[in-house]
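A structural walkthrough
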Amino acid sequence: MRQKIEKIVEEMPANATCIKMHLRSSSGTLALIRRVIVACVQHLGLTSTTLEGVKLATTEACTNIIKHAYKFDETKSFDMELKSSCNVFVIELLYSDPGFEPCNIPIRNLKEVREGGYGVFLMQNIMDYVNYVTDTKTGEVRLQMVKILDSEKCSGGSSENRTNIK
Amino acid sequence: MKIERILNENENKITFLIEGELDVHNVKALKSEIVDSIESEGRIYILDMKKVAYLDSSGLGMLVYIKKELYRNNSELRIINLNNAVMNVFKLTKLDDYFKLS
């Protein structure tokens, strides 16, 4: 499944819609990010369930950057890129977090009720693909999250580019 | 985010009408408002979420904290009037049972 999704993303058409944002590391920007996500997902004509899911997963990822990587330091910033074609919605976040090891992210046990640790669980549960790539030399982290879209709900793009992964 | 507090002393109930989005930017204000209101034991705290359009893991964490605090104070937390999107966050994390949401 992961390889199929990676292939779909790799084969996204060159003219796929792409929005790039440079964002201040402030929790106040989260509402703005959600507005942008809503506008993008609504433009694609997707269901409200998909919209709410993508909005939540993106907010969780950005919250982790602001809270854990940058520790609420508002002098820092990160980049967000949203890409969409008819069958796929991709969110990429680029930020700095030297020493971050994706393999150290704890697996959430839902039987244990705690105050924290639900963010990554929600991202992984909602999105079809979540992948961190780290550069140990520069400390740069690239988080890619992918949502495969129900082609029947898709109103934009060319049907020729649709790929059935089921 | 707006928080309106309604105290019913006869029934020892306090209701918070919350309006807005519960993310990391807003949870601190709500947490303080509720925790500061913890006084008498055996009180029922009701969070009316009818006008909460969005909730994420930061909001969930805050609610878990408040429920535990109230339990220590022999008080009770009730969460009511969730919209579908917010309810789904509780269901995904299986916290709907913990908060006894119907």
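What comes next is a walk through the structure. (Residues numbered from 1 in each chain as written. Chains lettered and ligands numbered in written order. Predicted model: local features only at pLDDT ≥ 70, side-chain atom pairs only at ≥ 80, totals over all residues. Heavy atoms only, no water.)

Considering the sheet that holds strand E5 (residues 140-148) of chain A
Residues and elements named next belong to chain A. The following threshold applies: Pairing between strands requires that DSSP locate at least two bridges from one strand to the other. Secondary structure elements follow DSSP: runs of H or I of four or more residues count as helices, runs of E of two or more count as strands, with numbering from the N terminus. Fitted lines through C-alpha atoms serve as axes, helices being fitted only where they are in contact, and the angles separating the N-to-C directions of these axes extend from 0 to 180 degrees.
Read across the open sheet, the five strands follow the order E1-E2-E3-E5-E4; overall the sheet is antiparallel. Every interior strand has two partners, whereas the edge strands, strand E1 (17-24) and strand E4 (129-134), have only one. Across this sheet, the average inter-strand angle for adjacent strands is 15°, counted without regard to direction. With nine bridges joining them, strand E3 (residues 88-96) and E5 adopt antiparallel strand pairing. Residue Glu-92 lies in a different strand from E5, and its bridge partner there is Gln-144.

Points about the packing of helix H3 (residues 48-69) of chain A against helix H4 (residues 119-126) of chain A
All names here are of chain A. The line we're drawing: Handedness of each helix crossing follows the sense of rotation of the near helix against the far helix: counterclockwise by less than a right angle gives left-handed, clockwise gives right-handed. Only heavy atoms matter for contacts: two residues are in contact if any of them lie within 4.5 Å across the pair. Just so you know the grouping, Ala, Val, Leu, Ile, Met, Phe, Trp, Tyr, Cys and Pro go in nonpolar, Asp, Glu, Lys and Arg go in charged, and all remaining residues, Gly too, go in polar.
Interhelical geometry of H3 versus H4 gives an angle of 145° and a closest axis separation of 9 Å. H3 and H4 meet at a crossing whose hand is left-handed. The residues of H4 that touch H3, namely those facing Gly-53, Val-54, Leu-56, Ala-57, Glu-60, Ala-61 and Asn-64, are Gly-119, Val-120, Leu-122, Met-123 and Ile-126. When grouped by side-chain class, the residues that make up the contact of H3 with H4 number eight nonpolar, three polar and one charged.

Let's talk about the nonpolar core
In a soluble, globular protein the nonpolar side chains are often hidden away together inside. Heads up, the condition is: Among buried residues, the Ala, Val, Leu, Ile, Met, Phe, Trp, Tyr and Cys ones that are joined through side-chain atoms within 4.5 Å form a nonpolar core. Exposure classes here rest on a 1.4 Å probe applied to the protein chains alone. A residue is buried below 20% of its type maximum, exposed above 50%, and partly exposed in between.
Counting 72 residues, the largest nonpolar core has A:Phe78, B:Met49, B:Ile79 and B:Phe90 as the members making the most contacts within it. Ranked by the residues each element gives to this core, the list is headed by H3(A), at nine residues. Beyond its immediate sequence surroundings of up to four residues, B:Met49 is in contact with B:Ile18, B:Leu22, B:Leu55, B:Leu63, B:Ile79, B:Ile80, B:Asn81, B:Leu82 and B:Val86.

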